[in-house]
Amino acid sequence: MRRQAASAEWREQWTLFADGERFLFDEWIAPATLEDFRGKHVLEAGCGGGQHTALLASVAASVTAVDLATTEIARARNQGAVNVSFVEDDAGTMDLGRVFEAVVCVGVIHHTDDPDRTFENLYRHTAPGGLLVVWTYSAEGNALVRRVVEPARRLFLRRLPRRAVALLARALTAFLYPIVHGPYRLRGLRFLPYYDYFANFRRLSFDRNVLNVFDKLNAPQTHFTSEATCRRWMAEPRFERGSVSVRAYAGVSWSLVGRKRTA
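About the criteria used
- Residues numbered from 1 in each chain as written.
- Predicted model: local features only at pLDDT ≥ 70, side-chain atom pairs only at ≥ 80, totals over all residues.
- Heavy atoms only, no water.
- Axes fitted to C-alpha atoms, helices over the stretch in contact; angles between N-to-C directions.
- Helix = DSSP H or I, 4+ residues; strand = E, 2+ residues; numbered from the N terminus.
- Parallel < 35°, antiparallel > 145°, perpendicular 65-115°, else oblique.
- Left-handed = near helix turned anticlockwise from the far one by under 90°.
- Contact = heavy atoms within 4.5 Å.
- Nonpolar A, V, L, I, M, F, W, Y, C, P; charged D, E, K, R; others polar.
- Pairing = 2+ DSSP bridges.
- Phe/Tyr/Trp six-rings, centres within 6.5 Å; stacked < 30°, edge-to-face > 60°.
- Lys NZ or Arg CZ within 6 Å of the ring centre and 35° of its normal.

Peer 1: Would you explain the packing of helix α7 (residues 162-180) against helix α9 (residues 206-218) in this entry?
Peer 2: Describing two packed helices takes the angle between their axes plus the distance from one axis to the other. Direction vectors running N to C along α7 and α9 enclose 120°, while the axes themselves pass 8 Å from each other. Relative to α9, the element α7 lies oblique. In this structure, α7 crosses over α9, and the sense of that crossing is right-handed. Along the contact surface, α7 presents R162, V165, A166, L168, A169, R170, L172, T173, A174, L176 and Y177, while α9 presents F206, D207, N209, V210, V213, F214, L217 and N218. Considered class by class, the residues forming the contact of α7 with α9 number 13 nonpolar, three polar and three charged.

Peer 1: When you look at the sheet that holds strand β7 (residues 253-259) in this model, what are you seeing that I'm missing?
Peer 2: Taken in spatial order, the seven strands line up as β3-β2-β1-β4-β5-β7-β6 in an open sheet, and their pairing is mixed. Two strands bound the open sheet, and with one partner strand each, they are β3 (84-88) and β6 (245-249). Taking the axes of each pair of neighbouring strands and ignoring which way they run, one obtains an average angle of 15° across the sheet. Summarising the sheet, strand β1 (residues 41-45) and strand β4 (residues 100-106) pair through three bridges and their orientation is parallel. Paired with V42 across the bridge in β4 is A102. Along the sheet face, helix α2 (residues 22-29) touches β4, β5 (126-137), β6 and β7 and points at about 135° away from the line of β6.

Peer 1: Help me out: how do you make sense of the packing of helix α6 (residues 143-155) against α9 in this one?
Peer 2: In the contact formed by α6 and α9, the axes pass within 8 Å of each other and the chain directions differ by 60°. If you check the angle between α6 and α9, you find them oblique. When α6 is examined against α9, the residues V149, E150 and R153 are found in contact with a partner set consisting of K216, L217 and N218. The residue makeup of the contact of α6 with α9, split by class, is two nonpolar, one polar and three charged.

Peer 1: Where do I start with the packing of aromatic side chains in this structure?
Peer 2: Aromatic ring pairs are described here by two measures, namely the spacing of the ring centres and the angle between the planes. Taken as a whole and assessed by the stated rule, the structure comprises 14 aromatic pairs. Here Y177 and F206 contribute two aromatic rings whose centre-to-centre distance is 5.4 Å and whose plane-to-plane angle is 55°, an arrangement assigned as tilted. Placement of Y177 in helix α7 and of F206 in helix α9 is noted, with a sequence separation of 29 residues between them. Site record: aromatic cluster; members linked through ring pairs are Y177, Y184, Y194, Y195, Y197, F198, F201 and F206. A cation sits over an aromatic face here: R238 above Y123, 4.0 Å from the ring centre. Stacked on the ring of Y123, the Lys or Arg K260 has its end atom at 4.4 Å from the ring centre.

Given below as structure tokens:
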């Protein structure tokens with residue numbers, strides 16, 4: 001599936017939805033913080049609807065926001081930000097002709113054609129001593145999505161209009177609420193799948209949870225990243241000693257942070 005798969009799905013997603021939950025971004029990039037980007041020239045690889053672009057632009061010297069399909073949507077949502085430039089390109093193959101003091105790729109690498117190639121490209125665009133932040137879906141803890149949701153999406157859901165998929169996502173979210181706010185509140189049932197993930201579910205608005213569900217049903221392709229792959233990507237010989245963090249998040253994803261070696 002070339003050119004990072006069908007672009008129409010992403011345009012539709014970020015036309016229909018917005019992500020305004022600041023705490024998620026903060027937790028996904030930890031132990032880095034927004035302050036780590038202050039005064040820096042930042043590359044955002046996969047800007048989506050531009051919500052995270054706005055956060056980065058509030059502190060960065062400049063933000064170069066790259067996306068294959070949604071730059072017009074992100075530009076419209078950041079039209080007042082004079083320090084942001086948008087580039088329509090593929091995060092896995094882009095060649096921007098420069099390196100950046102910080103590179104951020106949140107929720108994108110697992111949707112690219114080749115995550116290994118994409119990571120290498122992100123690393124190549126990171127300046128020596130620069131900060132690289134990646135958040136990706138994990139292979140661990142996602143058996144239900146991998147074995148049930150993904151086959152159903154490929155076989156059936158891709159044929160439906162995106163607005164029909166959005167209605168299905170809303171219905172599924174409503175179905176989940178009694179479960180998430182019932183059995184999944186019991187500490188004695190921590191063994192249940194997605195226990196930590198659903199704890200986050202309870203922190204979010206209904207509409208934001210609909211976006212979570214829609215994203216699983218809508219994505220043209222998803223690769224789930226194993227812990228072994230994360231640790232290979234973030235091997236300390238390539239990053240400054242002591243700067244690397246490979247952290248599981250909510251039982252369904254990995255947060256990766258490191259500073260590229262200066263020599």
